[in-house]
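# Structural characterization, general
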Amino acid sequence: MTDYEATTAFLGEWGPFQQRVFLLLCLSVIPNGFSGLSMVFIGDTPAHHCLIPASANLSAEWRNHSIPLENSSGTVTLSKCTRYNLDDVKSFSARGLVPGVNVNLSQVPQETCLDGWEYDREMYIATTVTEWDLVCDNKWKGPLTSSLFFCGVLAGSCVSGQLSDRFGRKIVLFVTMTVQTVFTFIQVFSPSWPVFCAMFFVIGMGQISNYVAAFVLGTELLSPSVRIIYSTLGVCLFFALGYMMLPVMAYYIRDWRMLLLALTLPSIIYTPFWWFIPESPRWLLSQGRVEEAEAILREAAKKNKVEAPQVIFEPLQVDLKSDPHSIWDLVRSPNIRWVSVTLWIVWSVLSISYFALSLNTSNIHGSPYLNCFLSAAIEVPAYTMSWLMFRRCNRRLSLFSTLFLGGAMLLLVHLLPPHLSYVSTALEMLGKFGVTAAFAIVYAYTAELYPTVLRNTAMCACSMASRVGSISAPFFIYLGDYSKSLPYILMGTLTALSGLLSLLLPESYGMPLPDTIAHMQTFPG
């Protein structure tokens, strides 16, 4: 086809049509800010120790000494997974022996929590951990829950891009929004951990699919100058808004089921958006549906109070419907293959760092609600900086500098002594700042590098590659149980190295969006 942007320039840059599309698509992104990250609160693990049944006939002194003490990071706490043998303790209590005086506690046999656990209810009424006892021998189920959500995201990335390129951006956007809302509502009533995880998997499929569809639809509907604001600032700020809503709602709703319900019900307001968000004319043209594309542009011109040309796309200027494209086209030729492989690595590393840092807020010093809010709020200046860099700087330099900043800050965290907890928290937030800015840049950069016929498939393939990182991200946090510094060393090193790798990508600054594979920039690496 001809230069689409020149052909549609009669619409103007920022009329009522563009404003409506911009706002509605940004609003559709808000639920994505809290859907996956809600595990920070609904799956948090409060302080706990073995339950001593109320029916056990123990003196107050022995009841207070029935749990062994253990040293955790320099702090003496009650053991989380063992207790003194209850039959022995009952015998000592009945004989009137005094713990630590008549009985050497270090010689008393220990046993596992045969009667379950007692949880600290000061922070939460209930979480998935307290409801299904995901502690001690079952502790691995906590990070696995988040990983299964990201497995769903991976599955959604596998199919939604090709569905969107074949059936349209709009229909995939709304179908997946419906899937996300309905299955989150069902998840509220989960009777067991396996059912909860199954629902979470499907929610993950819907979450990534509607985010990428909204991102690509806005990229293709909006004019070049507005596109940059939308892709680096608009959708990202509204994602951050949803993320910031999460700790606020969690602070007031301490039961995980009620919190999920409160996060789900507002999604019903998105139903009327179907009648106000159009299909992408670019996609319609790539399918040979010229009349439908022109009808949308004429309606847009009417809303902007401008007159559309009598013939928008000349028959000789429009290519015939392109052959169907699949995900295999991303590796078919050497040029597109190297672009794809490089982006997949960068996306995967970014996903590890972003989600590990986001899910880790309940484990760092201070209130988990404040930490989560700060982690969300730091994204606002990060997205603002990414927008400014996208307007003024070339893409490779923007991506490299933000990746390297994030990696360097995370590497500095493990060098600090334990008593400087506030400094380490500040460095972690600066690392999150760099990683978040890089994520915003790589989304927009990727959309610029790929042609219209493959753009949504490519975006979903990159998202699919990044899920390898996000699936492993919860277990990066889990490594912190064995070495506090190990997660930061791994994340910092990988992020800094991916920044160097990003310098091999083609430059797209100031270039028109490619419409076919032949229009793509050459891979200089």
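Residues numbered from 1 in each chain as written. Predicted model: local features only at pLDDT ≥ 70, side-chain atom pairs only at ≥ 80, totals over all residues. Heavy atoms only, no water.

### Re the nonpolar core
- Core analysis: the largest hydrophobic core is formed by 139 residues, its most contacted members being F41, L343, Y354, L399 and Y443.
- Discounting chain neighbours no more than four positions away, the residues touching Y354 are L37, F239, Y243, E379, Y383, K432, V435, T436 and F439.
- Residues W283, L284, L285 and A293 belong to the second largest nonpolar core, which totals 5 residues. (Core = buried A, V, L, I, M, F, W, Y, C linked by side-chain atoms within 4.5 Å. Buried < 20%, exposed > 50% of the residue type's maximum accessible area, 1.4 Å probe, protein only. Contact = heavy atoms within 4.5 Å.)

### Re helix α9 (residues 169–187)
- The end-to-end C-alpha separation of α9 is 27 Å, in line with the 27 Å expected for 19 residues at 1.5 Å each.
- By the burial criterion, the buried members of α9 are R169, K170, V172, L173, F174, T176, M177, Q180, T181, T184 and Q187. (Helix = DSSP H or I, 4+ residues; strand = E, 2+ residues; numbered from the N terminus. Expected span 1.5 Å × (residues − 1).)

### Side note on the side chain of T127
- Inspection of the secondary structure puts T127 in the loop between β6 (117–119) and α7 (128–132).
- Setting aside anything within four residues of it in sequence, one finds T127 in contact with F41, I42, D44, P46 and W256.

### Examining the confidence of the model for the protein chain
- Averaged over every residue, the pLDDT of the protein chain is 81; the share at 70 or more is 91%.
- Considering each helix and strand of the protein chain separately, the mean pLDDT is smallest for helix α1 (residues 4–7), with a value of 70, and largest for α7, with 91. (pLDDT = per-residue confidence, 0-100.)

### Looking at empty space enclosed by the protein
- Using the criterion set out here, one finds 6 cavities of 30 Å³ or more in the structure.
- Its boundaries defined by the atoms lining it, the largest cavity holds a volume of some 240 Å³.
- Lining the largest cavity are 16 residues, with Y211, F239, Y354, F355 and Y443 positioned closest to its centre.
- Looking at the lining of the largest cavity, the elements that each hand over two or more residues are α8 (141–167), α10 (193–221), α11 (224–252), α15 (334–359) and α19 (421–449).
- No other element matches α19, which puts 4 residues into the lining of the largest cavity.
- When the residues that make up the lining of the largest cavity are grouped by side-chain class, the tally is 13 nonpolar, 2 polar and 1 charged. (1 Å grid on protein atoms, 1.4 Å probe; cavity = no way out; pocket = protein on both sides within 12 Å on 5 of 7 lines; lining within 4 Å. Points joined across faces, edges and corners; volume = space filled by probe spheres on them. Nonpolar A, V, L, I, M, F, W, Y, C, P; charged D, E, K, R; others polar.)

### Observations regarding the packing of aromatic side chains
- Throughout the structure, instances matching the rule amount to 22 aromatic pairs.
- Between F196 and F200, the aromatic rings sit 5.5 Å apart at their centres with planes inclined by 45 degrees, giving tilted as the arrangement. Residue F196 and its partner F200 are both found in helix α10; the two are separated by 4 residues, about one turn of the helix.
- Judged by relative accessible area, F200 falls into the buried class, the value being 1%.
- Among the aromatic residues, ring-to-ring pairing joins W132, F149, F150, F196, F200, W256, W347, Y354, F355 and F439 into one connected group.
- The positively charged end of K170 is found above the aromatic ring belonging to W274, 4.3 Å away from the centroid.
- For R254, the ring lying beneath its charged end belongs to Y251, and the centroid distance is 4.9 Å. (Phe/Tyr/Trp six-rings, centres within 6.5 Å; stacked < 30°, edge-to-face > 60°. Lys NZ or Arg CZ within 6 Å of the ring centre and 35° of its normal.)

### A short note on the environment of Y354
- Relative to the elements of secondary structure, Y354 occurs in helix α15.
- Under the relative-accessibility criterion, Y354 is labelled buried at 4%.
- Separated by 115 residues in sequence, Y354 and G469 have C-alpha atoms that sit 9.4 Å apart.

### Topic: the state of the cysteines
- Per the counting criterion, the structure on display carries 2 disulfides.
- Across a sulfur-sulfur distance of 1.8 Å, C50 and C113 are joined as a disulfide pair. Every disulfide takes its handedness from the sign of the S-S torsion; for C50 and C113 that torsion is -65 degrees, giving left-handed. Here the residue C50 occupies a position in strand β1 (residues 48–50), and C113 occupies one in the loop between β5 (110–112) and β6, the gap between them amounting to 63 residues.
- Looking at C50, the relative accessible area reads 0%, which means it is buried. (Disulfide = S-S within 2.5 Å.)

### Thoughts on a nonpolar patch on the surface
- A cluster of nonpolar side chains, namely V159, L163, F167, I171, V175, W274, W275 and F276, defines an oily patch on the protein surface of about 800 Å² accessible area.
- Of all the elements in the fold, those that place two or more residues in the nonpolar patch are α8 and α9.
- Note that W275 resides in the loop between α12 (256–264) and α13 (281–286). (Patch = residues over 30% accessible without salt bridge, like charges linked within 9 Å, V, L, I, M, F, W, Y side chains within 5 Å. Areas by Shrake-Rupley, 256 points an atom, 1.4 Å probe, with all protein chains shown as cover. Salt bridge = Lys/Arg side-chain N within 4 Å of Asp/Glu carboxyl O.)

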